[in-house]
Amino acid sequence: MASDGTRSPLERLRAYYDHEERTCPACGYEDEEGVWESETNGRQVHYYHECPRCGAVRDHTLDVLAE
Ligand SMILES: [Zn+2]
């Protein structure tokens, strides 16, 4: 895996969720096609993923730290 120093921390974090948190803790379904949706209001970023099998929603809300 080549490192990419140009990516922002938020992009790296989203990539982490995309790759590491796609197995549903409720039913164990591994959503290989799944992606984390994200939305932001400028101060926080909200990531969420809904399990296509059981509908369980996982989410993460992250504060955007302004410089
Ligand atoms: Zn599930």
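Please refer to the structure higher up on the page.
This write-up is about the structure you can find in this document. Being a predicted model, the structure only gives us computed values, none of them experimental.

Moving on, we come to the coordination of the zinc ion. Looking at the zinc ion, one finds its protein donor set to be C24 (SG), C27 (SG), C51 (SG) and C54 (SG), positioned 2.3 to 2.4 Å from the metal centre. Considering all four donor atoms around the zinc ion, angles at the metal cover 108 to 113° and the coordination shape is tetrahedral. The sequence pattern describing where the donors of the zinc ion fall on their chain is C-x2-C-x23-C-x2-C. With C24 in the loop between α1 (9-20) and β1 (37-40) and C54 in the loop between β2 (44-50) and β3 (57-63), this pair connects stretches of sequence that are 30 residues apart.

This part takes up the sheet that holds β1. Working definition: the strands of a sheet are paired by backbone hydrogen bonds and lie parallel or antiparallel to each other. Strand order in the open sheet formed by three strands is β1-β2-β3, and the pairing between neighbours is antiparallel. Edge positions in the open sheet fall to β1 and β3, since each of these has one partner strand only. For this sheet the average axis-to-axis angle between neighbouring strands, irrespective of direction, equals 20°. Looking at chain direction, β1 and β2 are connected through four bridges and run antiparallel. Paired with T40 across the two strands is V45, which belongs to β2.

This paragraph deals with the pairing of β3. Direction of pairing for β2 relative to β3: antiparallel, over a ladder of seven bridges. Bridge pairing in β3 links E50 to V57. Turn length for the β2-β3 hairpin, with the two strands adjacent in sequence and antiparallel, is six residues, and the turn residue G55 shows positive phi of about 85°.

Cut-off values and rules
- Residues numbered from 1 in each chain as written.
- Predicted model: local features only at pLDDT ≥ 70, side-chain atom pairs only at ≥ 80, totals over all residues.
- Heavy atoms only, no water.
- Donors = N, O, S within 2.8 Å, 3.2 Å for Na, K, Ca; no water.
- Tetrahedral: all angles 85-135°; square planar, octahedral: opposite > 155°, others 65-115°.
- Helix = DSSP H or I, 4+ residues; strand = E, 2+ residues; numbered from the N terminus.
- Pairing = 2+ DSSP bridges.
- Axes fitted to C-alpha atoms, helices over the stretch in contact; angles between N-to-C directions.

Functional significance is not addressed by these values, which are geometric in nature.
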